[in-house]
Amino acid sequence: QVQLVESGGGLVQTGGSLRLSCAASGTIFSVNPMGWYRQAPGKQRELVATITSGGSTKYAGSVKGRFTISRDNAKNTVYLQMNSLKPDDTSVYYCNGHLRTPQRPSGMDYWGKGTLVTVSS
């Protein structure tokens, strides 16, 4: 079964850091791009950052300079290093990946179940 599994969320104080991880498991041909989205209570899900297999990155303006996305292609894993966290960063963070599998060789988007990040003031 193909799935994305996140880890690393939790409670942190303003100015603190957290590192999220997301691993794609199952029989996978490729996963590209991979990324992180977040959804705060009462708000729409928004892009945080994405990264291609070649290392090209894109960030939301609100996190640029504070968050760093990276990936390990051999492990089909994406990371999000979050520094200088603010209360506005409090959200459920979702991993996303466009996976090519034997069942879907043309690829389709998969989502993780989400991990909660809470930043206290």
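Preceding block: the structure.
Keep in mind the model is a prediction, meaning the values are calculated, not measured.

Rules of the game
Position numbers for residues start from 1 in each chain and track the written sequence from start to end. This being a predicted model, a pLDDT of at least 70 is required before a residue's local features are given, and a value of 80 or more before pairs of side-chain atoms are given or counted; all residues contribute to the totals for chains, interfaces and linings. Excluded from the side-chain calculation are hydrogens and water; included are all heavy atoms of the structure. Any cysteine sulfur atom paired with another within 2.5 Å is treated as part of a disulfide. Strands here are runs of E lasting at least two residues and helices are runs of H or I lasting at least four, both read from the DSSP assignment and numbered beginning at the N terminus. A simple rule labels every residue: compare its accessible area, found with a 1.4 Å probe on the protein chains alone, to the largest value its type can have, and call it buried under 20%, exposed over 50%, or partly exposed in between. Among buried residues, those of type Ala, Val, Leu, Ile, Met, Phe, Trp, Tyr and Cys that are joined through side-chain atoms within 4.5 Å constitute a nonpolar core. Working definition: rings of Phe, Tyr and Trp (its six-membered ring) pair if their centres are within 6.5 Å, and the pair is stacked with planes under 30 degrees apart, edge-to-face with planes over 60 apart, and tilted otherwise. The rule for a charge over a ring is simple: NZ of Lys or CZ of Arg within 6 Å of the ring centre, and within 35 degrees of the ring normal. Whether two strands pair comes down to DSSP finding at least two bridges between them. An axis is simply a line fitted to the C-alpha atoms; with a helix, the fit covers only the stretch in contact. Between two such axes, the angle follows the N-to-C directions and lies from 0 to 180 degrees.

(A) Local environment of the state of the cysteines. For the structure on display, the rule yields one disulfide. Residue pairing for Cys 22: its cysteine sulfur links by disulfide to Cys 95, the two sulfurs lying 2.0 Å apart. Judged by the torsion about the S-S bond (-80°), the Cys 22/Cys 95 disulfide is left-handed. One end of the pair, Cys 22, is in strand S3 (residues 18–25); the other, Cys 95, is in strand S9 (residues 91–100), with 73 residues separating them in the sequence. Assigned by exposure class, Cys 22 and Cys 95 land together as buried.

(B) Representation of the nonpolar core in the model. Formed by 29 residues in total, the largest nonpolar core has its most connected members in Trp 36, Leu 80, Met 82 and Tyr 93. Those elements that place two or more of their residues in this core are S3, strand S4 (30–39), strand S5 (46–51), strand S7 (67–72), strand S8 (77–82), S9 and strand S11 (115–120). In terms of residues, this core owes the most to one element, S3, which gives four residues.

(C) Broad picture of the packing of aromatic side chains. Taken as a whole and assessed by the stated rule, the structure comprises one aromatic pair. Taken together, a centroid distance of 5.0 Å and an interplanar angle of 65° make the contact between Tyr 37 and Trp 111 edge-to-face. Within this pair, whereas Tyr 37 is found in strand S4, its partner Trp 111 is found in strand S10 (residues 108–111), the two being separated by 74 residues in sequence. Arg 45 extends its terminal NZ or CZ atom over the ring of Tyr 94, reaching a point 3.7 Å from the ring centre.

(D) The pairing of strand S1 (residues 3–7), seen in detail. By the alternation rule, side chains of S1 split into Leu 4 and Glu 6, which are all buried, and Gln 3, Val 5 and Ser 7, of which none is buried. As judged from the five bridges shared by S1 and S3, these two strands associate in the antiparallel manner. Looking across to S3, one finds that Gln 3 is bridged to Ser 25.

(E) Representation of the sheet that holds S1. Read across the open sheet, the four strands follow the order S1-S3-S8-S7; overall the sheet is antiparallel. The two strands at the open ends of the sheet, each matched to only one other strand, are S1 and S7. When strand polarity is set aside, the average angle formed by the axes of neighbouring strands in this sheet is 15°. In the sheet, S7 pairs with S8 via six bridges, with the strands oriented antiparallel. Directly across from Ser 70, in S8, lies its bridge partner Tyr 79.

The values reported here are purely geometric and, on their own, carry no functional implication.
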